[in-house]
Amino acid sequence: MKNYSNRYMATCVPGIEFVATDEIKEVLKSANNISAERGKVTFDCLCLLTDTDYNNLKCVDNLYKLFRIFSVGTHKTDLFEIGKYGKDIDFEMGEKSPISIVVSASRSGKHTYSRYDAAKQVEDSLISTGKFIMGDNINHDLAVRVDIIDGACAIYKQLTLSQMRFRGNAFHSVQGGIRPPLAHCLVRLSQPKNDDVFYDPFCGAGTIPFERSFYKSKKIFASDYNNDVVETAKTNLGQFVAVFSADATKSNMKDNSVSKIVTNMPWGKQIQVENIYKLYLDFLKEVKRILTADGKAVILTDQTAIIENLCNEVGLNHIRVAELSLHGLHPAVFMISK
């Protein structure tokens, strides 16, 4: 069997792969043969990846190492082949025995079996060796991922803990929030600079300001209209972010004082707004007031038509830089400037 010991895959929110790719190039200097598909970035890396590398890849949900790739048929009777090729892989777990496992799978193309069938086949074949036992999503020694695309099957070992994409367990979430890796992608799109005055006016639990705190800045501000949410953000953010209660359409920020605004506006079904058109109109007017002449606002929303129409009405430049797949919806990321 061919050795794939240098091939890796990073997963991310579908649609934001180009940001994750830039981060991989920046963090992993020896990464090469980089290619992006929907929701994933694959690459070769000759150097052994370390925990520091994992921690510095903040735009990705999880990192995987490829162990085997082989041809597979499209019929349910071909599932046996997946199990056969999977059960004799050395997943580099040392002498530990038994090894508790969880197996997940993805599938695209026309097949008569589901991704759950494929995952179960690999799971059963590994357990049949006597070296592995069933784990669960929280308690396991080894997480295996099976990706089937048309006639090819790839088997990966997950290198990162699931807590990686949540920055540990101490961060408290609120309704309508986004995961830290996506928040970090939005921050990177704003092109952080050391002299930034940064502001998230719909901060929620504070995920976006928290991700901005990984970069130097002049000041980081965060606010929300909901007082209970603000208290959660204060708990999450500590002393390094100025958190306060405010209406995003009537902030206390001075004219032309904010160089970067990055925010996840109310959208979708998670946050209900009585008059979303008026909210967006008033907020964009506020953006125009407080943003510096060379400043940028990065906004995530599924209200694409409203944003585009109102930016034209208010007199703001806007570019749709990405279209995502998130919570079954398709929000967009806008870059807005004066």
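Residues numbered from 1 in each chain as written. Predicted model: local features only at pLDDT ≥ 70, side-chain atom pairs only at ≥ 80, totals over all residues. Heavy atoms only, no water.

Draft legend 1. Structural context of the nonpolar core. The biggest cluster of nonpolar side chains holds 78 residues, and the ones touching the most others in it are Ile-16, Phe-43, Leu-284, Leu-300 and Ile-336. Broken down by element, this core gets its largest block of residues, 7 residues, from helix 8 (residues 276-290). Apart from residues lying up to four places away in sequence, Leu-284 is in contact with Ile-299, Ile-307, Leu-310, Cys-311, Val-314, Leu-316 and Ile-336. Val-103, Ala-105, Ala-119 and Phe-132 belong to the second-largest nonpolar core, a separate cluster that totals 23 residues. (Core = buried A, V, L, I, M, F, W, Y, C linked by side-chain atoms within 4.5 Å. Buried < 20%, exposed > 50% of the residue type's maximum accessible area, 1.4 Å probe, protein only. Helix = DSSP H or I, 4+ residues; strand = E, 2+ residues; numbered from the N terminus. Contact = heavy atoms within 4.5 Å.)

Draft legend 2. Layout of the packing of aromatic side chains. Inspection of every chain in the model, using the stated rule, returns 9 aromatic pairs. Taken together, a centroid distance of 6.3 Å and an interplanar angle of 70° make the contact between Tyr-64 and Tyr-156 edge-to-face. With Tyr-64 in strand 4 (residues 62-71) and Tyr-156 in strand 8 (residues 152-158), this residue pair connects regions lying 92 residues apart in the sequence. Tyr-156 sits in the buried class, given a relative accessible area of 8%. One aromatic cluster in this structure is built from Tyr-199, Phe-221 and Phe-244. Here the guanidinium or amino end of Lys-58 rests over the ring plane of Phe-214, the centre of that ring lying 4.0 Å away. The lysine or arginine in question, Arg-145, covers the ring of Tyr-64, its NZ or CZ lying 5.4 Å from the ring centre. (Phe/Tyr/Trp six-rings, centres within 6.5 Å; stacked < 30°, edge-to-face > 60°. Lys NZ or Arg CZ within 6 Å of the ring centre and 35° of its normal.)

Draft legend 3. Representation of helix 3 (residues 79-86) within the structure. Turning to helix 3, its buried residues number three or more, namely Leu-79, Ile-82, Gly-83 and Gly-86. Across the axial projection of helix 3, the buried residues extend over an arc of 95°, all falling on one side. Along its buried surface, helix 3 packs onto strand 4, helix 4 (115-127), strand 7 (142-149) and strand 8. (Arc of directions from axis to C-beta.)

Draft legend 4. How the structure looks around the side chain of Asp-44. Inspection of the secondary structure assignment puts Asp-44 in strand 3 (residues 40-45). Its relative accessible area of 18% is what places Asp-44 among the buried residues. A polar atom in the side chain of Asp-44 sits 2.7 Å from the side chain of Asn-33. Beyond its immediate sequence surroundings of up to four residues, Asp-44 is in contact with Asn-6, Arg-7, Ser-30, Ala-31, Asn-32 and Asn-33. (Polar contact = N/O pair within 3.5 Å; in protein donor to acceptor, adjacent residues only side chain to side chain.)

Draft legend 5. How the structure looks around the sheet that holds strand 15 (residues 332-337). A sheet is described by the order of its strands in space; here 7 strands give the open sequence 11-10-9-12-13-15-14, paired in mixed fashion. The open sheet is flanked by strand 11 (242-245) and strand 14 (317-323), the only strands paired with a single partner. Averaged over all pairs of adjacent strands, the angle between strand axes in this sheet comes to 20°, irrespective of strand direction. As paired elements, strand 9 (residues 197-200) and strand 10 (residues 219-224) share 4 bridges and run parallel to each other. Following the sheet pairing, Val-197 is matched in strand 10 by Lys-219. On the sheet, helix 5 (residues 180-189) packs against strand 12 (258-264), strand 13 (291-301), strand 14 and strand 15 and is oriented at approximately 155° with respect to strand 13. In the packing of helix 9 (residues 304-314) onto the sheet, the strands contacted are strand 13, strand 14 and strand 15, and the crossing angle to strand 15 comes to about 10°. (Pairing = 2+ DSSP bridges. Axes fitted to C-alpha atoms, helices over the stretch in contact; angles between N-to-C directions.)

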